[in-house]
Amino acid sequence: KVVAVILVGGPTKGTRFRPLSLNIPKPLFPIAGQPMVHHPISACKRIPNLAQVYLVGFYEEREFALYVSAISNELKVPVRYLREDKPHGSAGGLYHFRNLIMEDNPSHIFLLNCDVCCSFPLPEMLEAHRKYGGIGTLLVIKVSPESASQFGELVADPVTNELLHYTEKPETFVSDRINCGVYVFTPEIFTAIRDVSSQRNDTATLRRVSSYEALQPATRIPADFVRLDQDILSPLAGKKQLYTYETMDFWEQIKSPGMSLRCSELYLSQFRLTSPHMLASGDGTKSAIVIGDVYIHPSAKVHPTAKIGPNVSISANARVGPGVRLISCIILDDVEIMENAVVTNAIVGWKSSIGRWSRAEGVYNSKLGVTILGDSVAVEDEVVVTSSIVLPNKTLNVSVQDEIIL
Ligand code: GDD
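The structure reproduced in this document is the subject of the present report. (Residues numbered from 1 in each chain as written. Predicted model: local features only at pLDDT ≥ 70, side-chain atom pairs only at ≥ 80, totals over all residues. Heavy atoms only, no water.)

1. Topic: the pattern of salt bridges
This structure, assessed with the given rule, holds 19 salt bridges. A salt bridge links R83 to E60, with the nearest nitrogen and oxygen atoms 4.0 Å apart. Taken together, the positions of R83 in strand β5 (residues 79-83) and E60 in the loop between β4 (50-57) and α2 (61-75) put the pair 23 residues apart, joining distant regions of the chain. In this structure E60 comes out as partly exposed when scored by relative accessible area, which is 38%. Here R319 and E336 are joined by a salt bridge, their closest N and O atoms 3.5 Å apart. Linking R319 in strand β19 (residues 319-320) with E336 in strand β21 (residues 336-337), this pair joins segments that are 17 residues apart in sequence. Take R319: its relative accessible area is 38%, and that puts it in the partly exposed class. The partly exposed category is assigned to E336, whose relative accessible area is 28%. (Salt bridge = Lys/Arg side-chain N within 4 Å of Asp/Glu carboxyl O. Helix = DSSP H or I, 4+ residues; strand = E, 2+ residues; numbered from the N terminus. Buried < 20%, exposed > 50% of the residue type's maximum accessible area, 1.4 Å probe, protein only.)

Spelled out as structure tokens, the structure:
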């Protein structure tokens, strides 16, 4: 059997996602019309002999309760949310629930970051891992040398694919191959994490005995806080324990609202290949004019004279009026867009409204980029909002550009 663990983090982790993470945990923010975490979960369905999917995080249980029961029913895979009482780090979070995870006696454990967008080639990784042996295989991708430093950079043996060297977010360039945050491990990973934790305990005791502690305050990390990258991947590199599987597909990280727009685009175009029924066709006489990849929730009401796409997702109960033009945007639940308004490169938050002949638009090379309207923002008629971030419950009656409206 195989189990999958998806790291969802917690409320302190989603701060770069504000103001959109004020309403909803970042992992549940809709991307291509589905909660962010839905994409890795549905990818897990393709793993042979999958017994269980666990979401591990430190959000309140109730924030995930509805979602996990709905998704378990929909995908017919048991999905459970496991809450950490405090952050244990990416490896520590996994280790904290080792007894539960091992209940199914899995031969392999997938570990996935929830804030990455990719095709999740999980069955392929498992197959590669079985060939390589060792305790784990990580998904890697080649990125531009300029962007590599935002990630874990690594060097792999071109022939055996063994992970030879790993450095987390290095200051000087190491490699353009990076860690995608998607792993498959054997249960031996728990031994590796335990060893780091007990080493920490030992040094802590040693320091107390020799009263070194005051000299080295920066090294006082709690013994049960273990990071997968720095504490596990770096020391195990070059020891024939870890291997790499390189993807040639798309991969992005979803740290900011602007990135969620880009990731929506990637997932919508993936739907075109994997689940075309998810996309609006626009060929009916009653429906709007649809261009490219567009998702429209069945409960949304879109006027037939509206022109939608490409890269648009419209959530539940949204209303889109006559003559509206939507390009590259995410329209959340209960939004109203009135006649002849234009929304491009923007995210419109829950229950917001955009008035007649108004515009919400983002200019990519500007300071703030994508326009983001928080929850319950009202843009009045004939107002233009350009590359601005508007916090919840604001009313805009004058046009703004490159501003953060608090
Ligand atoms: N449950 C839980 N508990 N989850 C956590 C914790 C924790 O204490 N800390 C982080 N996470 C989750 C985050 O929500 C995210 O899904 C994932 O673990 C990784 O988050 P970070 O540890 O903050 O790292 P990062 O996203 O900056 O970078 C990592 O991922 C990149 C790929 O997206 C690194 O592993 C990089 O090397 C890698 O390139």
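Moving on from the coordinates now.
2. Brief notes about the packing of aromatic side chains
Geometrically, a pair of aromatic rings is defined through the distance of the ring centres and the angle of the planes. A full pass over the atoms with the stated rule returns nine aromatic pairs. Seen in terms of ring centroids, F17 and F29 are 5.3 Å apart; in terms of plane orientation they differ by 80°. Their pairing is edge-to-face. On the criterion of sequence distance, the pair formed by F17 in the loop between β1 (2-9) and β2 (30-31) and F29 in the loop between β1 and β2 is long-range, its members being twelve residues apart. The residues F17 and F29 share a single accessibility class, namely buried. Ring geometry for F250 and Y267: centres 6.2 Å apart, planes at 85°, overall edge-to-face. Taken together, the positions of F250 in the loop between β12 (242-246) and β13 (251-253) and Y267 in helix α8 (residues 257-274) put the pair 17 residues apart, joining distant regions of the chain. Classification of Y267 by relative accessible area gives buried; the value is 2%. An aromatic cluster is defined as three or more aromatic residues linked by ring pairs; in this entry it consists of F17, F29 and W350. Between the NZ or CZ atom of R98 and the centre of the ring of Y95, over which it lies, the distance is 4.0 Å. (Phe/Tyr/Trp six-rings, centres within 6.5 Å; stacked < 30°, edge-to-face > 60°. Lys NZ or Arg CZ within 6 Å of the ring centre and 35° of its normal.)

3. What about the site of the ligand?
In the vicinity of the ligand there are 28 residues, among which E84, G89, E168, N179 and K255 approach most closely. The side chain of E84 places a nitrogen or oxygen atom 2.5 Å from a nitrogen atom of the ligand. D229 is positioned with one of its side-chain polar atoms (N or O) 2.8 Å from an oxygen atom of the ligand. Burial of the ligand by the protein chains amounts to 91% of its free accessible area of 730 Å². Contributing elements (two or more residues each) for the shell around the ligand: β1, β4, β10 (163-168), β11 (177-185) and β13. Per element, the largest residue contribution to the shell around the ligand is four residues, and it comes from β11. A class-by-class count of the residues in the shell around the ligand yields twelve nonpolar, nine polar and seven charged. (Near = heavy atom within 4 Å. Polar contact = N/O pair within 3.5 Å; in protein donor to acceptor, adjacent residues only side chain to side chain. Areas by Shrake-Rupley, 256 points an atom, 1.4 Å probe, with all protein chains shown as cover. Nonpolar A, V, L, I, M, F, W, Y, C, P; charged D, E, K, R; others polar.)

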